[in-house]
Every structure is written in structure tokens, then in C-alpha cells.
Amino acid sequence: MPWYGCRHANALPPRLHGAWWACTTCLPDFVPACSLCAAPAPVIDRAPGWLGYAYGRLCPACVAKVKAAGPWKERRARAVAARRDALLERFPGLRVVKSTAAVTQLEGEIEGRQVEVRLRVKNREHDYDRYVFHVELDRDRDPPDAAALALPEPLAPLLATGSPTAPVTRVRWLRVAFRHLGKLDTVRALEHLVAWVRHPPDAAANDMF
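Nothing here was measured: the structure is a model prediction, and the numbers come from that model. (Residues numbered from 1 in each chain as written. Predicted model: local features only at pLDDT ≥ 70, side-chain atom pairs only at ≥ 80, totals over all residues. Heavy atoms only, no water.)

Draft legend 1. Local environment of the overall build of the protein. The helix and strand tally for the protein stands at five helices and eight strands. Across the 209 residues of the protein, 40% fall into the buried class. In the protein, 51% of the contacts between residues at least 6 apart in sequence involve partners at least 24 apart. (Helix = DSSP H or I, 4+ residues; strand = E, 2+ residues; numbered from the N terminus. Buried < 20%, exposed > 50% of the residue type's maximum accessible area, 1.4 Å probe, protein only. Contact = heavy atoms within 4.5 Å.)

Below you can see the structure in the form of C-alpha cells.
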């Protein structure tokens, strides 16, 4: 039964099949979107307190594309390899430090900033952080919210929930995750993030005074 969580005790959608249900009390503004192309799902059914959406993960067009591309393990592996090669070609300072059936990890330095990139083939259930970027962030700077990060289209709609953050390990990072990225968009995303940490928009404005 596809439905989205509800705080009401024992609350269930009235019909168990035919739609992806969302509670209009708990999720009044929620609209599921395709995790590949970000197309919003249309409403195909209604019931008191519930809206039924046509899909909750992939739109029909993307389902057809995915099926045509072959088994998911082979498809994901090919996609990760293509994105890995594109990043290595664009950023000679990166190197592959881990390559398994689950993830490919690249590390290195770009324009004086330490960088880590994780390209995930496999994800845990309900984990949509498939393309994860860490770029060294100045320790005295707060991380941006999604709006301040000013991601260009088509990157912005693909940002993973809860991103960006600023974890600290050996350095303080700007961590930004995406649920999907095309090959060239993977390169554009890293270019944008490196440019942001080196020249944050608010810092550039303060330098004028």
C-alpha cells in the first residue's frame, strides 16, 4: 500500500490500491515528484483527508527509460563509471580512493580546497543521497541553506532532502547530496560548489563596503 506517513493514530487511506496517498492534514503542501526528472505527480483520486497521486517515485516516462536501460545493477554501474570518468577528466586533482559494488569515492584538491565525492551504486531503503559532494568549508563560515546555495537549473530540484549540511571530520565540509545527476550535471555541481566556498555571495557583497 503506497502512502505517506500520518501522525493520526491508525489512520489509513480509504483505498489501498491505485494511487500514492498523502494526508492533507499532516502534509498539506506535499506533492511527490519523480526522483529522476522531478516532474510533479498529478492527483488521480481524492478522499476525505487524503489526496491520491499518480506515482510516488518515478513518472511513467522515466519508468520506461529505466526498464529499457536494463537491470538496475548494470545500469547504475554504467552511470557511476560515466560520472567518475567525467569528473576525473575535468578535475585532474581528483583520484579514485575506493571502488566497490556499492560506491565509488574520489578525493583530492581543487583550487586549494579539499574535495570528496561519493557516487553510490547502492543505497539503503529510503536513502536518496546518491551523489554526495564534500568541499572544504572555511571554519568560520556557516553553511548555506538550499536557497543561499543558489544551485542552477536543473540541479536545484534534484537536491536531496536535508541538504546542505556542514559536518566536521578532518576538515569542516560543505556537504551537498543529490538524488540524481546526469553525467555533465555531476561536473557542473562540483564546479558550482567549489566556486561557492571560494567566493560565497554574501562575502562578495561584504567586500564592497
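Draft legend 2. Seen up close, the sheet that holds strand β4 (residues 94-99). Strands sit in the order β4-β5-β6-β7-β8 across an open sheet of five strands; the sheet is antiparallel. This sheet does not close on itself; its edge strands, each paired only once, are β4 and β8 (173-178). Averaged over all pairs of adjacent strands, the angle between their axes in this sheet comes to 15°, without regard to strand direction. Bridge analysis of β4 against strand β5 (residues 103-110) gives five bridges, and the strand direction is antiparallel. (Pairing = 2+ DSSP bridges. Axes fitted to C-alpha atoms, helices over the stretch in contact; angles between N-to-C directions.)

Draft legend 3. Inspection of the packing of helix α2 (residues 72-90) against helix α4 (residues 183-198) at higher detail. At a minimum axis separation of 8 Å, α2 and α4 run at an interaxial angle of 45°. What the angle tells us is that α2 and α4 run oblique. α4 is crossed by α2, and the crossing has right-handed handedness. Every residue of α4 that contacts α2 at A82, R83, A86, L87 and R90 is listed here: K183, T186, V187, L190 and E191. (Parallel < 35°, antiparallel > 145°, perpendicular 65-115°, else oblique. Left-handed = near helix turned anticlockwise from the far one by under 90°.)

Draft legend 4. Examining the nonpolar core more closely. In terms of nonpolar packing, the biggest core is built from 31 residues, with L87, F133, F178 and L190 touching the most fellow members. Looking at which element gives the most residues to this core, the answer is α4, with seven residues. Of all hydrophobic cores here, the second largest spans nine residues; its members include C34, A41, L51 and Y53. (Core = buried A, V, L, I, M, F, W, Y, C linked by side-chain atoms within 4.5 Å.)

Purely geometric stuff here, so don't read any function into it on its own.
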